[in-house]
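Structure at a glance
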Number of protein chains: 2
Amino acid sequence: MDASAFEYFHAVARTGSISRASVELGMEPSTVTRHIARLEQDAGVKLFHRSGRGMLLTDAGALLLQEAGKVVDTLQHARRVAADLAAGGPSQIVVAAQPTIVKVCFAAMAHALRSRYPRARVRVIEGSAHELVSWLHQGKVDAALLYVPHLAQGHAGGEVLLREPLHCIFPAVQPAPPGPVTVPAALELPLILPSTSHGLRALAESWAQRHGKSLDVVLECDGSTSMTRRMVQAGLGCTILPLASVEEEVGRGLLQAVRIEGPEALRSVVLATAQNRPPVTGLLDITHLLRDTVFQLVDAGRWPGVDRRTA
Amino acid sequence: MDASAFEYFHAVARTGSISRASVELGMEPSTVTRHIARLEQDAGVKLFHRSGRGMLLTDAGALLLQEAGKVVDTLQHARRVAADLAAGGPSQIVVAAQPTIVKVCFAAMAHALRSRYPRARVRVIEGSAHELVSWLHQGKVDAALLYVPHLAQGHAGGEVLLREPLHCIFPAVQPAPPGPVTVPAALELPLILPSTSHGLRALAESWAQRHGKSLDVVLECDGSTSMTRRMVQAGLGCTILPLASVEEEVGRGLLQAVRIEGPEALRSVVLATAQNRPPVTGLLDITHLLRDTVFQLVDAGRWPGVDRRTA
DNA sequence: TTACTTTACGCGAAGCGTAACAATT
DNA sequence: AATTGTTACGCTTCGCGTAAAGTAA
């Protein structure tokens, strides 16, 4: 029973159709049919229910898919290591980060990675914190930059690169305090925040609990922070964000940002790598490069709101 | 890059020679050579140092072997699941146990497994407790019967089948106490025991510590317990074993066995399965069968020194 | 010399694509 | 009718084994 049979099977099960799998695999549908037919003959059971609309896994098929998935993953890793050997260094580098971080430093990072590893395929992905840890765990990304909500760092194998102060974001039309505000003062404001399970919302909730207040959430706004920014610009309320997220709007006078005081208003940016998986070739080099890039950005004043003192 | 390439590579690296790998793989040496040569070409580096005596991994080869090993393991599991599907039940059953347990009940177990799963390949392996947990973790065995030293059960996903009392084993020439002895009394005896890291030795050490005594170990005897038995027969000292290990010699008057009193002199026999790995087809059935076999042996009085009361 | 790996060569089989067919919606 | 899966057929290619050559101990 050849390993490629499991790969074909995996593709068909995932796409739910022979024709879709065939284009993904770059071969003719008839070939895929033959492979599936042979696998079913070898296994002695039907792995799919056939219908005019596609292929649906049977119970036995679902069982075998578990194993097929592992085979595909393992093979992919092995091939990648071989490719790394051939390239004399990493042949593929995948870095992910949360949107704000992407905005600030992924241009510089992509540039640094490309010039350091010209022969490697460099991929950058944007995702939520939850997605990032999941991707790390699955080995889909090599390194990730993410916010750790408060002082709860050390949960994963991450190195704290810097601490970024959070700001209260006001509409341009509303008079904002001239200097930094305290956390309790921020909690008095009508806020536009993401719904639960988002890092910033969880942080705000923990502030409210600690100071014995309740949040005045006038609007829940999920998705990209640009939507939240537009809501604040429209004067519906204030929000809490790092300065980097709104630097441009602040510069153009569309929004006002006031720093929130105190250590609880600091979010750590950590550089995380997968601990459970074997490190990719040159991962240590890569993390060094990413770290240096971040520090250079901060030193050049290109990370709004962050300097060496806060970091 | 085909998965079979990794399998061939794995075989060559493991055996250290193309010719040995070729017989293991059931093919001609020239074929294996071609596969390795192509893999090296794809990887762009030499994976082996060639010498007139065989093949030795390079650094790059060692790196790739890590991945190749995972590929081989994963593929093996996937093929097995497929074979289970084809057989309509488990196609292979691997059960392991510590030597004494093997001696007492593996004949009955092998018989029960063969009659329950006539189409399956049944394998039984004997090994030390340390090896057993390692094999379970690696997925090399489906179920294992092993002794848990004292009352520290529950560490792994194991079910306690019974508790077996330990005995003091005396030479035939030496007058032995007529009835059960206490743990402190046993600790006074000159003992022949395995060296550290063996379960029985660790148990004896813990007794000594708890009763504030020190062991009088006249001889350390590693390997099979039959060596220990011969040493006791020769009159060099006493030892501590379950009755099942020495039943035959006791019956022939070559040794004397005296039960040790108290709950601390009981060893639990646990039926363990791998928790970290997906269960094999019908594993639940198999464990049921093994459990019933043990209980039937005990009820029939075929497990020396154990009855329903101690169990 | 001996044991092992590698190359050359010819053959056979396995797998692919094209194209026609069948079945479900 | 349209989309999708399956079967038939001819062909190419890939990989195996045999046999000879090369190479280190």
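Residues numbered from 1 in each chain as written. Chains lettered and ligands numbered in written order. Predicted model: local features only at pLDDT ≥ 70, side-chain atom pairs only at ≥ 80, totals over all residues. Heavy atoms only, no water.

To continue, consider the side chain of Gln-98 of chain A. Residues and elements named next belong to chain A. Its place among the elements puts Gln-98 in the loop between strand E3 (92–97) and helix H5 (99–116). Among the residues examined, Gln-98 registers a relative accessible area of 12% and is labelled buried. The contacts of Gln-98, once residues within four sequence positions are left out, are Gly-127, Ser-128, Ala-129, Leu-132, Leu-145, Leu-146 and Tyr-147. (Helix = DSSP H or I, 4+ residues; strand = E, 2+ residues; numbered from the N terminus. Buried < 20%, exposed > 50% of the residue type's maximum accessible area, 1.4 Å probe, protein only. Contact = heavy atoms within 4.5 Å.)

Let us look at the protein's contact with DNA strand D. For DNA strand D, the set of nearby residues contains 19 residues, the closest of which are Ile-18, Ser-19 and Arg-50 of chain A together with Thr-31 and Arg-34 of chain B. Close to the protein, within 4 Å, the atoms of DNA strand D belong to sugar or phosphate groups at a rate of 74%. One nitrogen or oxygen atom from the side chain of Thr-33 of chain A is found 3.5 Å from a phosphate oxygen belonging to DNA strand D. Considering each element in turn, the surface near DNA strand D owes the most residues, 5 residues, to helix H3 (residues 29–43) of chain B. Looking at the surface near DNA strand D, its residues break down into 4 nonpolar, 10 polar and 5 charged. (Near = heavy atom within 4 Å. Polar contact = N/O pair within 3.5 Å; in protein donor to acceptor, adjacent residues only side chain to side chain. Nonpolar A, V, L, I, M, F, W, Y, C, P; charged D, E, K, R; others polar.)

Turning our attention to the pairing of strand E8 (residues 217–220) of chain B. Remember that side chains alternate between the two faces of the sheet whenever the strand is regular. Residue and element names in this part refer to chain B. Of the pairings in the sheet, the one linking strand E7 (residues 191–193) to E8 comprises 3 bridges and is parallel in character. Bridging from a neighbouring strand, Leu-193 pairs with Glu-220 of E8. With helix H8 (residues 199–210) bridging E7 and its parallel neighbour E8, the resulting β-α-β unit is right-handed. (Pairing = 2+ DSSP bridges. Right-handed = clockwise from strand over helix to strand, strands pointing away.)

At the interface, 26 residues of chain A touch 25 residues of chain B. With both sides pooled, the region where chain A packs onto chain B buries about 2100 Å², and carbon together with sulfur makes up 75% of that total. Where chain A meets chain B, there are 0 salt bridges. Counting every contact that joins chain A to chain B gives 5 residue pairs in polar contact (both at pLDDT 80 or more). Examining the composition of the side of chain A that touches chain B, we find that 15 residues originate from one element, helix H4 (residues 59–87) of chain A, more than from any other. Here the side of chain A that touches chain B is built from residues that sort into 17 nonpolar, 4 polar and 5 charged. (Buried area = accessible area lost by both parts, 1.4 Å probe. Salt bridge = Lys/Arg side-chain N within 4 Å of Asp/Glu carboxyl O.)

Further remarks concern the domain arrangement of chain A. Residue and element names in this part refer to chain A. Split into domains, chain A comes out as domain 1 (3–87), domain 2 (92–158 + 269–299) and domain 3 (161–266). For domain 1 and domain 2, the distance between their C-alpha centroids amounts to 31 Å. At the interface, 5 residues of domain 1 touch 8 residues of domain 2. Together, His-77, Arg-80 and Asp-84 form the three largest contributors to the area buried by domain 1 at its contact with domain 2, with a combined 76%. Taken together, domain 1 and domain 2 are joined by 1 salt bridge. Arg-80 is the partner of Asp-142 in a salt bridge, and the nearest nitrogen-oxygen pair spans 2.7 Å. The interface formed by domain 1 and domain 2 includes 2 residue pairs in polar contact (both at pLDDT 80 or more). Of the residues assigned to the side of domain 1 that touches domain 2, the class counts are 2 nonpolar, 1 polar and 2 charged. (Domains from an automatic or database assignment.)

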